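Observations on chain architecture
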Number of protein chains: 2
Amino acid sequence: MELDERKRKILQAIIRNYLETGEPVGSRTISKYTDLNLSSATIRNEMADLEELGYILQPHTSAGRIPSDKGYRLYVDTMLMEKEEQLSQATQEVKEMQQILLEKEDKMEAILKQMAKVLAVNTNYATLVSAPQVKGNKLKFIQLSKVDVRQLLTTIVVEGNVIKNTMIQVAEPLDDETLLKLNILLNTNLNGLPIEEINLAMIAKLKQQAGIYNDIISEVMDAVAAVIKEDEDIEIYTSGTNNIFKYPELSDNQRASELITTFEEKQLLTELVQDTLTEEKNTGIQVYIGNETPVKTMKDCSVVTATYELEEGMKGTIGIIGPRRMDYDKVISTLKTLKSQLDTLYKKE
Amino acid sequence: MELDERKRKILQAIIRNYLETGEPVGSRTISKYTDLNLSSATIRNEMADLEELGYILQPHTSAGRIPSDKGYRLYVDTMLMEKEEQLSQATQEVKEMQQILLEKEDKMEAILKQMAKVLAVNTNYATLVSAPQVKGNKLKFIQLSKVDVRQLLTTIVVEGNVIKNTMIQVAEPLDDETLLKLNILLNTNLNGLPIEEINLAMIAKLKQQAGIYNDIISEVMDAVAAVIKEDEDIEIYTSGTNNIFKYPELSDNQRASELITTFEEKQLLTELVQDTLTEEKNTGIQVYIGNETPVKTMKDCSVVTATYELEEGMKGTIGIIGPRRMDYDKVISTLKTLKSQLDTLYKKE
DNA sequence: TGTTAGCACTCCACAACAATGAGTGCTAAT
DNA sequence: ATTAGCACTCATTGTTGTGGAGTGCTAACA
């Protein structure tokens, strides 16, 4: 048996309807509300076929049909509407978002948080935004400053303008000259160096050159190490977690609790982000349906992600998490426009 | 009618039992499981009195009684156990927490997050930890550094070692001498200055002295302004939100959704934190029962908070949010020990 | 041969009803 | 003052029955 055009149309109709209502859809509904002009009996026959082919399921004998993961997959891959209406609506929303984003919000962190929030409010799904991850980091600038008699401040800037500070307590005051020397020592040796290349030998050499101040060098290197480490776990901002309660299929205690935990322990979400960053296809948009998600607590959800890219090769992820019956059309086109806007917006600056 | 000793004992027994089971407790239970040696009938009479006095409630005619807010209040104010057993157990838990906390975690942020998490795991309630809020801020150190030909880095350190950085783009390269001059200008004028005192006149003066570089000063002052602003909204870390699902009285969709939102939009929690910081009593521990909480979405919860204090007058809040029938004894003694440990621990350093 | 009307069948959802039992208030006896 | 006893209340649970949405199958039709 084969999936001819008519079957595709019926499947599409079933999915559309189910996305709207969340209720199993019966043959009569399809017969009435499509332009196929077929009786319910015919539809029934076709539906039986579609079920045999694995695109739809029957929750129980005398219920209508709901899409299977395979059905959703086909829909997402080949049946999205891409109507202008749909698209322009998305563009509209993205425009609004942009406006909000650009209201002179300066800090990256604030922008990303805001982005997650606006997206959540607009879509009614839970959202996630990962801060851009830098790959192939280079140390760009390193500096020790005297804040106080006993306190030194380390400032480390990594490619992509990620800045980190640490305070160092010193036993006895340093004079300005020594401080200058240490700074020169650090910068001449470390500037422009890929972080991976800072190894034990390197550190030993520095310490040796620093003479009696080698313990300060140690602490500075600890700070650098911390930067590297911190860089590994990506910052992730989430919003709209409460939206899951809008979908009964996700809001029973068991599931809700698991999902909330997943969103709270951002740990698990990093897997998702990592996955999207590596698995990335041509479009930069990915759709995980049900069990396809890398995070098992989300097996009853669908996840749509977009990868965005700022200058200097910094990549981040935007994700939308909702029920299987998510409005794929809207979500995907929103993400697409947002992505392209982001890509160009930040490249121009 | 008066609340004699026997009534108090019965009330206490009712509350204890209800805290454990979460079910309305009947006269027979009290009669059997206390050392009062009274028949259920007598207990019933007493219970009727207690109800009339407002300490307990009947969910419906033929159900047992549950404590009212007034009942809980009396319990918390005058009936906590303070058994050695209880206390030493709490100390034990705090010790474990300390150990985890002190495992060379360097960053304040990480410590606080960790603290919230450990507390949540140990208590089975949702927790909140606010980062210490600095009052009467002084600027301690300010510095411009050249990171790149076109990029300057501003580093601002405020009393209590809060450090902020901002990047500034410059149209044309600055030579080292000018940079030094600007730095001296900034530091001599701003160091040690309470943040409130940096006003327009001050800024105008600086700009004038900076001559052609006054636009750089502008940007630096913007950064300072951002620090002040950022300081106003307190950083709050939460954990164990999913614990609310362990208590049926909180986990119906409506309530759960509201609570989750409250925890996500930390905005609302700041009210709570502000309240505890200002309302603070002698002990530093506060208990909000049901409607007493300043956050209305938590009207079905009880909240126990502790205020801790680090050096330089930085104060923060630790909060535990659970159902009305929270294990007040355990929570309060845990927070008490944790608070005192924190207070002393950080004062010594 | 594809389509459709018709019919028997299935099974969930929902309401009505009864049984259970935990708990109460009240009264009368101790 | 305390308690045994009893009638009463009411949430919970289980049973049963009915309605309706939806199906699969068969037979008739174009």
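Refer to the structure printed above.
To keep things clear, this report deals only with the structure shown in the data block. (Residues numbered from 1 in each chain as written. Chains lettered and ligands numbered in written order. Predicted model: local features only at pLDDT ≥ 70, side-chain atom pairs only at ≥ 80, totals over all residues. Heavy atoms only, no water.)

What about the overall build of chain A?
- Broken down by element type, chain A carries twelve helices and ten strands.
- Burial status across chain A gives 51% buried among its 349 residues.
- Of the contacts formed within chain A by residues at least 6 apart in sequence, a portion of 60% connects residues at least 24 apart.
- Looking at chain A as shown, the accessible area adds up to about 16700 Å², and 48% of this sits on carbon and sulfur atoms. (Helix = DSSP H or I, 4+ residues; strand = E, 2+ residues; numbered from the N terminus. Buried < 20%, exposed > 50% of the residue type's maximum accessible area, 1.4 Å probe, protein only. Contact = heavy atoms within 4.5 Å. Areas by Shrake-Rupley, 256 points an atom, 1.4 Å probe, with all protein chains shown as cover.)

Brief notes about the protein's contact with DNA strand C
- Near DNA strand C lie 21 residues; those nearest to it are Arg6(A), Thr42(A), Thr61(A), Ser62(A) and Ser27(B).
- The sugar-phosphate share of atoms of DNA strand C within 4 Å of the protein amounts to 78%.
- Between DNA strand C and the protein, one listed contact pairs a phosphate oxygen with a side-chain N or O atom of Thr61(A) at 3.0 Å.
- Within the backbone of Ser62(B), a nitrogen or oxygen atom sits 3.5 Å from a sugar or linking oxygen of DNA strand C.
- Tallying contributions element by element places helix H3 (residues 40-53) of chain A first for the surface near DNA strand C, with four residues. (Near = heavy atom within 4 Å. Polar contact = N/O pair within 3.5 Å; in protein donor to acceptor, adjacent residues only side chain to side chain.)

Focus on the sheet that holds strand S6 (residues 162-169) of chain A
All names here are of chain A.
- The sheet built from three strands is open, its strands ordered S4-S5-S6 with antiparallel pairing. Edge positions in the sheet fall to strand S4 (139-146) and S6, since each has one partner strand and no second. Averaged over neighbouring strand pairs, the angle between their axes works out to 15° when direction is ignored.
- When S4 meets strand S5 (residues 151-158), the two strands line up antiparallel, connected through seven bridges. In the strand pairing of S5, Ser145 is matched with Leu153.
- Helix H7 (residues 176-190) contacts S4 and S5 of the sheet and is inclined by roughly 170° relative to S4. (Pairing = 2+ DSSP bridges. Axes fitted to C-alpha atoms, helices over the stretch in contact; angles between N-to-C directions.)

Focus: the interface of chain A and chain B
- Contacts between the two partners involve 33 residues from chain A and, on the opposite side, 33 residues from chain B.
- Of the roughly 2800 Å² buried between chain A and chain B on both sides combined, carbon and sulfur atoms contribute 51%.
- Ranking the residues of chain A by area buried against chain B places Asn165(A), Phe245(A) and Glu264(A) at the top, with a combined share of 18%.
- In this assembly, chain A and chain B are joined by four salt bridges.
- Among the ionic pairs, Lys117(A) bridges to Glu265(B), the shortest N-O distance being 3.1 Å.
- If you look at where chain A meets chain B, you find 14 residue pairs in polar contact (both at pLDDT 80 or more).
- When residues of the side of chain A that touches chain B are traced back to their parent elements, those giving at least two are helix H6 (108-123), S4, S5, S6, strand S7 (236-239) and helix H10 (253-264) of chain A.
- Tallying contributions element by element places H10(A) first for the side of chain A that touches chain B, with six residues. (Buried area = accessible area lost by both parts, 1.4 Å probe. Salt bridge = Lys/Arg side-chain N within 4 Å of Asp/Glu carboxyl O.)

Section: the relation of the copies chain A and chain B
- Taken as rigid bodies, chain A and chain B are interconverted by a rotation of 180° and an axial shift of 0.0 Å, the fit giving an RMSD of 0.2 Å. One copy is carried onto the other by what is essentially a two-fold rotation axis.
- Of the residues that chain A buries at the interface, 97% are likewise interface residues in chain B, meaning the two copies contact each other through the same surface. (Least-squares fit on C-alpha atoms with pLDDT ≥ 70 in both.)

Some details on the sheet that holds strand S10 (residues 315-323) of chain B
All names here are of chain B.
- Spatially, S7-S3-S10-S9-S8 is the arrangement adopted by the five strands of the open sheet, whose pairing is antiparallel. Two strands close off the open sheet at either side, each with one partner strand: strand S7 (236-239) and strand S8 (285-289). The average angle at which neighbouring strand axes cross in this sheet is 15°, direction not considered.
- Taken together, the nine bridges between strand S9 (residues 301-309) and S10 define a ladder with antiparallel strand orientation. For Cys301, the partnering residue across the bridge sits in S10 and is Pro323.

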